[in-house]
Amino acid sequence: MKYILDILRREHGGESFCQRFEYETENESDTVATALTKLNEKDDLVSADGSPARRIEWECSCLQKKCGACAMVICGRPRLACGAVLSEFTGEITLEPLRKFPVVCDLVVDRSVLFENLKTLRLWLGGNAEFSEKYGELAFEASECIQCGCCLEICPNFCAGGKFFGMATVPITTRLLSQMTPKEYKEIARLYARHTFAGCGKSLACRDVCPKGIDTERLLVNANAMAIWKRK
Amino acid sequence: MNEKTVNIVGAGLSGLSAAITLSRMGIHSRLVSSQPSERAQSVLAEGGINAALDTMGESDNPADHFSDTMKGGCFLESEAAVKELTENAPRVVTELFRLGTPFQNENGRLTLRNFGGQKKKRTAYAKSSTGKMIMTALIDEVRKYEAQGLVERFPHHDLVYIKTDEKTLQSIFVKDLYTGEFMSLGGCTILCTGGLNGFFEGMTTGTTQNTGNAAALAFGAGAELANLEFIQYHPTTVAISGKRMLISEAARGEGGKLFIMKNGKPWYFMEEKYELGSLMPRDVVSREMFFVKNASECTGDVFLDMTTIGGDVWSGKLSDLRKEIISYLKQDPKKEPIAVSPGIHFFMGGIRVNDRFETNIKGLFAAGEAACKFHGANRLGGNSMLGAVFGGETAARAASKSAEGSQVKPVPDYKDSVSSPQIRARLRDLLLGGLGIVRSGETMKAALADLEALYSAKGISKIDRLRVSVGIAAVESALAREESRGAHFRKDFPKTSEAFRRQTVARLENGRPVITFEKFGGEGALKDEVHS
């Protein structure tokens, strides 16, 4: 089977351009990540029109939807390249970098803002974690977040550098709130109100794109209950 | 910078553990990684972490954990190191729980599960995502110290060079992968860079970021490597696009059993032969799978039968594992057995360190899977994360004593050496040929001859030549070890020999690997050797 990949490329600081590649495989389970890996293995990579091309820059690590490194926009939707099976698609497959973050090169983006926001929100435990049966499953689900940035890409309210930090900070906030006493999480709750609760338009588009299948609405409801409505 | 600083390369479990330990001592660290911690291989660890917490009414204790670890490792590890590890395990796991890891528990009392090579329930877990859960908690803890300025992240930076002078570390060079710029980080350094997965690209359960380059660079800088022949093939893996996917040992811990069709009927070969059945140590299970798969009376693949596992276990303890299997294999393990085969999962060998986790290069330390330390000839499931967290902590304490003020300087004229995908693929194929589950002098000699040719290939880059050197050292180590022990099984030397209860040590002399067998365990031996 032959697949056509249209990749939005950009060299460090240069102009963006689209380049088409062909990838041929007999393996039905090959993903976008496989295609990018195999294309880059070629010493003489050429685009679909036969022109020499430099290797495609992209990030990957686990190749099984557990690390978030390979998040990109695939046919208009933010998702992980290692979870996007080529045979799902009909026609050309477009690959673009996540648009909410500065492009480093090709499909590599600088997601530093994700981690800076977590620091701004002071997301860490003050003392020992408290565990209750009520919140055990919630803490597990919240800890599954891989900080890929897909939820921010789809969010109509988030822009990097803005006051609203988006869904990417909510899983950690929810876990910490569930493991702290209301007295301990007073500051986290204040920052949550300012940087999350106040800006969230509740579109819940994040729920539809989370590669881990995290029920973002459930996390928001619980975080709101604990941080805003003081119910714990 | 005048304040004491330690460089940590690698931001997985051992790196984070080292950073937390140093921060608590008030010592600044630079945490270098090619990607953020969320992308580290540690997030893939599944089944659990061992500690004799004795919460299951089985009278467990650290002495039993010690003896199981020694036995599982075929007595090729330092007794003192394993004793320290197993005695500290309850404290380490309790601390991880305190930091917010959502381990399975009942009213704050940890629930433990069965794991391979251990008769008692000793493995703390969070479903089948224990590594990810621990990592999340440690990342949050490190964030606190980042905010305080005690941890400085270099989160898109690759280690490219280890500069030494007279067996003393001068600095490490790193490349900013976003800008392409090089910089030198002075001061002592802990390598927490994981195992040699990258030497078997696409054929392991690990990540693509775990290239093995750090070990090759350390080797090139004069560091000794040890026990390179001991490579763990995990019994239950499946091929997915681009890699091997692990089916956690937890599946067998919760009742899953292996079988193969023999004379037209399912044969549960492990249960028939061993008291612990499918929960024998991984080296034993993988070897038995190899033999039954090649037996004339058996047909087809080896299957992992998880259909007898109860619905409550699937909905609770193994819900994430089931979801993953269905997602990648389109098969429901609750309803049908899954074809599995052994795949490379862990490297017991690595950078040789002494009791202080210091290498033979003064100021260069190693911890976690990068170091050869606790696991002898075969690691027990549940001991890797323990070794990583405890190792990172211990190495950090030792490194703190060598820490001094150091600077970050640009190195604008540094010429990087680039690895070639073709050379990496060839290296992988040759190593797979020589270092399989069952080995022989003949196949290893054939691999070695081809590796020598690869080493001399025209135009091979400096880093690739170093990588091939490590590959040669691994095969030569296996060839020199004329016995079978743990993960190293030779059909031409099938017995274990007391004479080989020694550590295989590889070092570069005049640019070529030299293999010797040396004492381990009496910490004094290595300590004296290293810095006398």
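Residues numbered from 1 in each chain as written. Chains lettered and ligands numbered in written order. Predicted model: local features only at pLDDT ≥ 70, side-chain atom pairs only at ≥ 80, totals over all residues.

S.K.: Run through the overall build of chain B, naming residues and quoting values.
M.R.: Along the backbone of chain B there are 15 helices and 28 strands. Computed over its C-alpha atoms, the radius of gyration of chain B comes to 22 Å, within 12% of the 24 Å expected for a compact globule of 532 residues. Once the C-alpha set of chain B is aligned to its principal axes, its extents read approximately 65 × 55 × 45 Å. Every one of the 532 residues in chain B was classed for burial, and the buried ones make up 58%. When contacts within chain B are restricted to residue pairs at least 6 apart in sequence, long-range pairs at least 24 apart make up 74% of them. (Helix = DSSP H or I, 4+ residues; strand = E, 2+ residues; numbered from the N terminus. Rg over C-alpha atoms; globule rule 2.2 N^0.38 Å. Buried ≥ 20, exposed ≤ 12 C-beta atoms within 10 Å, placed from the backbone. Contact = placed C-beta atoms within 7 Å.)

S.K.: Explain the interface of chain B and chain A to me, and be specific about the residues and the numbers.
M.R.: Contacts between the two partners involve 35 residues from chain B and, on the opposite side, 41 residues from chain A. Among the secondary structure elements, those contributing two or more residues to the side of chain B that touches chain A are α4 (130–147), β15 (243–246) and α12 (421–434) of chain B. Of the residues forming the side of chain B that touches chain A, the biggest block, nine residues, is contributed by α4 of chain B. Residue composition of the side of chain B that touches chain A, by class: twelve nonpolar, twelve polar and eleven charged. (Nonpolar A, V, L, I, M, F, W, Y, C, P; charged D, E, K, R; others polar.)

S.K.: Give me the lowdown on the sheet that holds strand β7 (residues 123–124) of chain B, citing residues and values where you can.
M.R.: All names here are of chain B. Read from one edge to the other, the open sheet built from three strands follows the order β3-β7-β6, with strand pairing classed as antiparallel. Both outer strands of the open sheet, β3 (49–50) and β6 (112–113), are each paired with one neighbouring strand and no more. Pairing geometry for β6 and β7, over two bridges, is antiparallel. Across the sheet, Leu112 pairs through a bridge with Ala124, a residue of β7. (Pairing = 2+ DSSP bridges.)

S.K.: Outline the pairing of strand β3 (residues 71–74) of chain A, supporting the account with residue identities and numerical values.
M.R.: Residues and elements named next belong to chain A. When β3 meets strand β4 (residues 77–80), the two strands line up antiparallel, connected through four bridges. Of the residues in β4, the one forming a bridge with Met72 is Arg79. Between β3 and the antiparallel strand that follows it, β4, lie two residues; Cys75 among them carries a positive phi value of about 50°. Note that β3 and strand β5 (residues 93–96) share two bridges and pair antiparallel. In the strand pairing of β5, Ile74 is matched with Leu95.

S.K.: Would you mind going over the environment of Ser203 of chain A in detail, with residue names and values included?
M.R.: Residues and elements named next belong to chain A. Structurally, Ser203 is set in the loop between α6 (186–197) and α7 (205–209). A tally of 12 C-beta atoms within 10 Å means that Ser203 is categorised as exposed. Along the backbone, Ser203 and Ile154 are 49 residues apart, and their C-alpha atoms lie at a distance of 9.8 Å.

S.K.: Just give me the short version of the nonpolar core, but keep the residues and values in it.
M.R.: In terms of nonpolar packing, the biggest core is built from 224 residues, with Ala81 of chain A together with Ile190, Ile351 and Phe365 of chain B touching the most fellow members. With residues near it in sequence (within four places) discarded, Phe365 of chain B still touches Cys188, Thr189, Ile190, Leu191, Val353, Phe357, Glu358, Thr359, Ala395, Ala398 and Ala399 of chain B. (Core = buried A, V, L, I, M, F, W, Y, C linked by C-beta atoms within 7 Å.)

S.K.: Explain the environment of Arg352 of chain B residue by residue, including any values.
M.R.: Residue placement: Arg352 of chain B occurs in strand β20 (residues 350–352). Aside from chain neighbours lying at most four places away, what touches Arg352 of chain B is Glu224, Leu225, Ala226, Thr359, Asn360, Cys372 and Val505 of chain B.

S.K.: Give me the domain arrangement of chain A: which residues, what numbers.
M.R.: Residue and element names in this part refer to chain A. Domain assignment breaks chain A into domain 1 (2–109) and domain 2 (112–228). Domain 1 and domain 2 are separated by 30 Å when their C-alpha centres are compared. Counting residues at the interface gives 15 residues for domain 1, matched by 14 residues for domain 2. Looking at the side of domain 1 that touches domain 2, the elements with two or more residues in it are β3 and β4. Taken together, the residues of the side of domain 1 that touches domain 2 sort by class into seven nonpolar, two polar and six charged. (Domains from an automatic or database assignment.)

S.K.: Residue-level account of the environment of Glu184 of chain A, with values.
M.R.: Tracing the backbone through its elements, the reader meets Glu184 of chain A in the loop between α5 (170–179) and α6. Each residue touching Glu184 of chain A, except ones within four places of it in the same chain, is listed here: Gly126 and Gly127 of chain A.

S.K.: Run through the sheet that holds strand β10 (residues 168–176) of chain B, naming residues and quoting values.
M.R.: All names here are of chain B. The strand order across the open sheet built from four strands is β9-β10-β11-β24, with neighbouring strands paired in antiparallel fashion. Unpaired on one side and paired on the other, β9 (157–165) and β24 (408–410) mark the two borders of the sheet. The average undirected angle you get between the axes of adjacent strands in this sheet is 25°. One ladder, built from three bridges, connects strand β11 (residues 182–186) with β24; its direction is antiparallel. Across the sheet, residue Met183 finds its bridge partner in β24, namely Pro410. (Axes fitted to C-alpha atoms, helices over the stretch in contact; angles between N-to-C directions.)

S.K.: Lay out helix α3 (residues 79–98) of chain B in plain terms, naming residues and giving numbers.
M.R.: Residue and element names in this part refer to chain B. For α3, which comprises 20 residues, the first-to-last C-alpha distance of 29 Å matches the rise-based estimate of 28 Å (1.5 Å per residue) to within 8%. Turning to α3, its buried residues number three or more, namely Ala81, Val82, Leu85, Thr86, Ala89, Pro90, Val92, Val93, Leu96 and Phe97. Along its buried surface, α3 packs onto β3, α2 (62–72), β5 (109–110), β7, α4 and α11 (383–402). Of the residues one or two after α3, Gly100 is the one with positive phi, at around 110°. (Expected span 1.5 Å × (residues − 1).)

S.K.: Account for the domain arrangement of chain B, with residues named and values stated.
M.R.: Residue and element names in this part refer to chain B. Looking at the assigned domains, one finds that chain B contains domain 1 (4–194 + 345–410) and domain 2 (234–343). For domain 1 versus domain 2, the separation of C-alpha centres amounts to 29 Å. Of the residues lining the interface, 18 residues belong to domain 1; the matching set on domain 2 comes to 18 residues. Here the side of domain 1 that touches domain 2 is composed, by residue class, of three nonpolar, twelve polar and three charged.

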